[in-house]
Amino acid sequence: QVELAESGGGLVQPGGSLSLSCVALGNNLSMYVMGWYRQAPGKQREMVARVTSGGSTGYADSVKGRFTISRDNAKYTVCLQMNSLKPEDTAVYYCNAYDLQTQNDYWGQGTQVTVSS
C-alpha cells in the first residue's frame, strides 16, 4: 500500500513555470514506477511523464522538452518541473505509483494546475 500526497499546483500565466512534488508517505519508492498523469475537464486521464526506479523517463509528446520528471528514492519524492506552460496544460495533475510486482496502481488526491492570463 502506498499513500501519495501532491503539492505545488496553482495558477500561472502562459509561458510560466510550476513545480509539482509528490511524497510517498511511509513507503520506499524504489519498487515502483512513478508517474504524473493529468485530467482536464471533459477529457480522459492521460500520462504526462513517468520514471522508473533506475531513472529511465518517458514523456507524452505534448510535454517533451518542456516538462522534466525526477525522483529521489531516499527522500520518497518525485517531482515534475513544468516550464513554458500553455493553457492546454490546465488540468488536475495526479501522482501515480505503479507496483511492478503486484501490478497495482496508487493515486494521489490530485492538484490543480491552471494556465491562464
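See the structure printed just above.
Residues numbered from 1 in each chain as written. Predicted model: local features only at pLDDT ≥ 70, side-chain atom pairs only at ≥ 80, totals over all residues. Heavy atoms only, no water.

Re the pairing of strand β3 (residues 18–25)
For step 1, the next point in the chain: Only one face of β3 is buried, namely the one carrying Leu 18, Leu 20, Cys 22 and Ala 24, since none of Ser 19, Ser 21, Val 23 and Leu 25 on the opposite face is buried.
For step 2, the next point in the chain: Alignment of strand β1 (residues 3–7) against β3, held across 5 bridges, turns out to be antiparallel. Paired with Glu 3 across the two strands is Leu 25, which belongs to β3.
For step 3, the next point in the chain: Where β3 meets strand β8 (residues 77–82), 6 bridges bridge the pair, whose relative direction is antiparallel. Along β8, the bridge assignment pairs Leu 20 with Leu 80. (Buried < 20%, exposed > 50% of the residue type's maximum accessible area, 1.4 Å probe, protein only. Helix = DSSP H or I, 4+ residues; strand = E, 2+ residues; numbered from the N terminus. Pairing = 2+ DSSP bridges.)

Quick look at the pattern of salt bridges
For step 1, the next point in the chain: Inspection of every chain in the model, using the stated rule, returns 4 salt bridges.
For step 2, the next point in the chain: In this structure, Arg 38 engages Glu 46 in a salt bridge whose closest nitrogen and oxygen atoms are separated by 2.7 Å.
For step 3, the next point in the chain: The partner of Arg 38 in a salt bridge is Asp 89, and the shortest N-O contact between them spans 2.9 Å. Of the two residues, Arg 38 sits in strand β4 (residues 32–39) while Asp 89 sits in the loop between β8 and β9 (91–99), which places them 51 residues apart along the sequence.
For step 4, the next point in the chain: What makes Asp 89 buried here is its relative accessible area of 1%.
For step 5, the next point in the chain: Connected through salt bridges with shared partners, the residues Arg 38, Glu 46, Arg 66 and Asp 89 form a single ionic network. (Salt bridge = Lys/Arg side-chain N within 4 Å of Asp/Glu carboxyl O.)

Quick notes on the sheet that holds β8
For step 1, the next point in the chain: With respect to topology, 4 strands assemble into an open sheet ordered β1-β3-β8-β7, the strand pairing being antiparallel. A single partner strand is all that each edge strand has here, and the edge strands are β1 and β7 (67–72). Direction aside, the axes of adjacent strands within the sheet are offset by 15° on average. (Axes fitted to C-alpha atoms, helices over the stretch in contact; angles between N-to-C directions.)

A word on the layout of surface pockets
For step 1, the next point in the chain: By volume, the largest pocket is sized at about 150 Å³.
For step 2, the next point in the chain: Taken together, 13 residues line the largest pocket, and the ones lying closest to its centre are Arg 38, Lys 43, Glu 46, Glu 88 and Asp 89.
For step 3, the next point in the chain: Residues belonging to the lining of the largest pocket are distributed by class as follows: 2 nonpolar, 4 polar and 7 charged. (1 Å grid on protein atoms, 1.4 Å probe; cavity = no way out; pocket = protein on both sides within 12 Å on 5 of 7 lines; lining within 4 Å. Points joined across faces, edges and corners; volume = space filled by probe spheres on them. Nonpolar A, V, L, I, M, F, W, Y, C, P; charged D, E, K, R; others polar.)

Section: unusual backbone geometry
For step 1, the next point in the chain: Positive phi outside glycine occurs at Tyr 76, with the angle close to 60°.
For step 2, the next point in the chain: With respect to the helices and strands, the residue Tyr 76 is situated in the loop between β7 and β8.
For step 3, the next point in the chain: The backbone of Gln 103 sits at a positive phi, close to 60°, despite the residue not being glycine.
For step 4, the next point in the chain: Residue placement: Gln 103 occurs in the loop between β9 and β10 (105–107).
For step 5, the next point in the chain: Taking the relative accessible area as the measure of exposure, Gln 103 reaches 58% and is therefore exposed.

On their own, these measurements won't tell you what the molecule is for.
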